[in-house]
Amino acid sequence: MSHVIFDDVSCVYPGQSRPAVSHLDLEIAPGEFLVLVGPSGCGKSTTLRMLAGLEQVTEGRVLIGDRDVTHVEPRDRDIAMVFQNYALYPHMSVRENMGFALKIAKVPAAERNRRVEEAARILDLEPYLDRKPKALSGGQRQRVAMGRAIVRSPQVFLMDEPLSNLDAKLRVQTRTQIASLTRELGVTTLYVTHDQVEAMTMGDRVAVLKDGILMQVAPPRELYDRPRNVFVAGFIGSPSMNLLQAPVANGAVKFGHTEIPLTREQEAALTTDSVTVGIRPEDMNAGGEGQGAEARVTLVESLGADAYVHGVLQDRTGHLETVVTDEDDHEELTDTTIVMRVDGRTPPSAGDTVWMVPEVQHMHLFDGATGERLPDPA
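These numbers come from a predicted model, not from an experiment.

Notes on the UniProt feature "domain: ABC transporter" (unreviewed entry) in the protein chain
In step 1: UniProt's feature table lists "domain: ABC transporter" (unreviewed entry) at residues 4-236, given in the numbering used throughout.
In step 2: Helix makes up 36% of residues 4-236 and strand 24%, with an end-to-end C-alpha separation of 25 Å.

Okay, here's the thing in structure tokens:
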């Protein structure tokens, strides 16, 4: 097992002034499964391709183990890639596809067959070894692509959105298999996805990128419970965290009829006279009249046991504004919309008025200007 280090790495594509990846400092521990996640164009695939040697590093160094591979040819880096489109040879059998790289490396036939059959056993592909890719399902083809990587016994696995071509049910099944398999093999893995649910369920740690800049890297639970800034808060979680901008007055922030006092440390960290309040849908409860904030229900999504109530805040003072982080990473203020999770058996109806009461201990506070998280209360 080898660790991977991105040491102040940047990549600027020819003809572009803005870097696709900017001053990335990131270390992947030996045997760790690290997921890179972010919106389209954030630099995650570029980061993976720099590690593979498929994109040129403009500044900084890339290390695999103690070896600087920044200018090493891809074939000499001892990595194996799993692609989104499987990249299987249609005229070869499963056995031949899985063993092709070993054949090129002149591994003896007996050893090659041993490795292929061992990988097929791990991936439950033994009945399909003599079939062609066209006779396999999408999930089986993806497992063949995994097997081709496994037989090489590389130092690092690189996976670039390998589940994108699978249907929803198969994605859930296959992501579980990939996560458990890589942990069983103990191979250092860098996995790229735009799907934050995939990232949260698979990764030992998750690195969130925006505009080529690393926003936060942490275990999934820490990302969810303590996002470092407004972007991470809005990107991680489904449905997204409610983000509302509110003024600070007399050392406190008001959410409807709920007052949130700021600590001295939080007040000292503020760079403006407003904060962004973050509340996850599950951290709000329906209350009686006059409790929390009043909202008019515009939509109810019923999911069986749970329902998500979408509403527009009836903020009499006009102080609360919704902060939206869109797919193009622009943060802006819109109508004061909010989402709350309720019991799916007795949800309100569209047009009803409800009172949303936040669980103050689970609220997140961010600086209204910088978007950075304010210090948590002691």
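Considering the sheet that holds strand E20 (residues 337-343)
In step 1: Reading across the sheet, the five strands line up as E15-E21-E16-E17-E20 and stay open at both edges, with antiparallel pairing between neighbours. Bordering the open sheet on either side are strand E15 (284-287) and E20, each of which pairs with just one other strand. Taking the axes of each pair of neighbouring strands and ignoring which way they run, one obtains an average angle of 50° across the sheet.
In step 2: Where strand E16 (residues 293-302) and strand E17 (residues 306-313) come together, seven bridges link them in antiparallel fashion. Paired with Glu 301 across the strands is Tyr 308, a residue of E17.

Focus on the layout of surface pockets
In step 1: The space that makes up the largest pocket amounts to roughly 700 Å³.
In step 2: As for the largest pocket, its lining consists of 19 residues, and the residues nearest its centre are Arg 75, Ile 79, Ala 80, Ala 101 and Arg 152.
In step 3: Looking at the lining of the largest pocket, the elements with two or more residues in it are strand E6 (79-82), helix H2 (94-104) and helix H4 (138-150).
In step 4: The dominant element in the lining of the largest pocket, judged by the number of residues it contributes, is H2, at four residues.
In step 5: Considering only residue class, the lining of the largest pocket consists of 15 nonpolar, no polar and four charged.

Describing the pairing of strand E7 (residues 156-160)
Within a regular strand, the side chains alternate between the two sheet faces.
In step 1: A large share of E7 lies buried, amounting to five of its five residues.
In step 2: Of the two faces of E7, the one carrying Val 156, Leu 158 and Asp 160 and the one carrying Phe 157 and Met 159 are both buried.
In step 3: For E6 and E7, the ladder comprises four bridges, and the chain directions are parallel. Bridge pairing in E7 places Ala 80 opposite Phe 157.
In step 4: Note that E7 and strand E8 (residues 188-193) share five bridges and pair parallel. When the sheet's bridge partners are listed, Asp 160 is paired in E8 with Val 192.
In step 5: Viewed along the sheet, the connection from E7 through helix H5 (residues 168-185) into E8 turns out right-handed.

Side note on the nonpolar core
In step 1: Counting residues in hydrophobic clusters, the biggest one holds 47 residues, and the most contacted among them are Met 98, Val 208 and Ile 236.
In step 2: Broken down by element, the residue count for this core peaks at five residues, all from H4.
In step 3: With residues near it in sequence (within four places) discarded, Ile 236 still touches Gln 196, Met 200, Val 208, Leu 223, Tyr 224 and Arg 280.
In step 4: The next biggest cluster of nonpolar side chains, apart from the first, holds 28 residues, and it includes Cys 11, Ile 28, Val 57 and Ala 207.

Brief notes about the side chain of Arg 171
In step 1: Looking at where Arg 171 falls in the secondary structure, it is placed in helix H5.
In step 2: Apart from the residues lying within four places of it in its own chain, the contact partners of Arg 171 are Leu 163, Ser 164, Leu 166, Asp 195 and Glu 198.

Quick notes on the environment of Asn 285
In step 1: Tracing the chain through its elements places Asn 285 in strand E15.
In step 2: Residues Asn 285 and Arg 67 lie 218 residues apart in sequence; the distance between their C-alpha atoms is 54 Å.
In step 3: Beyond its immediate sequence surroundings of up to four residues, Asn 285 is in contact with Met 340, Trp 355, Met 356, Val 357 and Glu 359.
In step 4: Polar contacts involving the side chain of Asn 285 include one to the side chain of Glu 359, which spans 3.2 Å.

Focus on the environment of Glu 222
In step 1: As for its placement among the helices and strands, Glu 222 is situated in helix H7 (residues 220-225).
In step 2: On the accessibility criterion, Glu 222 (37% relative accessible area) is partly exposed.
In step 3: Residues Glu 222 and Thr 272 lie 50 residues apart in sequence; the distance between their C-alpha atoms is 26 Å.
In step 4: Those residues in contact with Glu 222, other than ones at most four positions away along the chain, are Gln 216 and Pro 227.

Looking at the packing of H4 against H5
In step 1: One way to put it is that H4 packs onto H5 with a least axis distance of 11 Å and a crossing angle of 15°. One finds that H4 runs roughly parallel with respect to H5. In this structure, the crossing between H4 and H5 has a hand that is right-handed. On H5, the residues that touch Gly 138, Gly 139, Gln 142, Arg 143, Met 146 and Ile 150 of H4 are Leu 170, Thr 174, Gln 177, Ile 178, Leu 181 and Leu 185.
In step 2: Taken together, the residues of the contact of H4 with H5 break down into six nonpolar, five polar and one charged.

Here's the deal with the confidence of the model for the protein chain
In step 1: On average, residues of the protein chain score 90 in pLDDT, and 94% of them reach the 70 mark or higher.
In step 2: Here residues 327-334 scores under 50 on pLDDT; set against residues more than four positions off or in separate chains, the count is 22 contacts.

Comments concerning helix H3 (residues 109-122)
In step 1: The end-to-end C-alpha distance of H3, which contains 14 residues, comes to 20 Å, matching closely the 20 Å that a straight helix rising 1.5 Å per residue would cover.
In step 2: All of the buried residues along H3 are Arg 112, Val 116, Ala 119 and Ala 120. Each buried residue of H3 lies within a common arc of 100° when the element is viewed along its axis, so the set occupies one face.

Scoring rules and cut-offs
Residues numbered from 1 in each chain as written. Predicted model: local features only at pLDDT ≥ 70, side-chain atom pairs only at ≥ 80, totals over all residues. Heavy atoms only, no water. UniProt positions renumbered as here; feature names shortened; annotations may be inferred. Helix = DSSP H or I, 4+ residues; strand = E, 2+ residues; numbered from the N terminus. Pairing = 2+ DSSP bridges. Axes fitted to C-alpha atoms, helices over the stretch in contact; angles between N-to-C directions. 1 Å grid on protein atoms, 1.4 Å probe; cavity = no way out; pocket = protein on both sides within 12 Å on 5 of 7 lines; lining within 4 Å. Points joined across faces, edges and corners; volume = space filled by probe spheres on them. Nonpolar A, V, L, I, M, F, W, Y, C, P; charged D, E, K, R; others polar. Buried < 20%, exposed > 50% of the residue type's maximum accessible area, 1.4 Å probe, protein only. Right-handed = clockwise from strand over helix to strand, strands pointing away. Core = buried A, V, L, I, M, F, W, Y, C linked by side-chain atoms within 4.5 Å. Contact = heavy atoms within 4.5 Å. Polar contact = N/O pair within 3.5 Å; in protein donor to acceptor, adjacent residues only side chain to side chain. Parallel < 35°, antiparallel > 145°, perpendicular 65-115°, else oblique. Left-handed = near helix turned anticlockwise from the far one by under 90°. pLDDT = per-residue confidence, 0-100. Expected span 1.5 Å × (residues − 1). Arc of directions from axis to C-beta.

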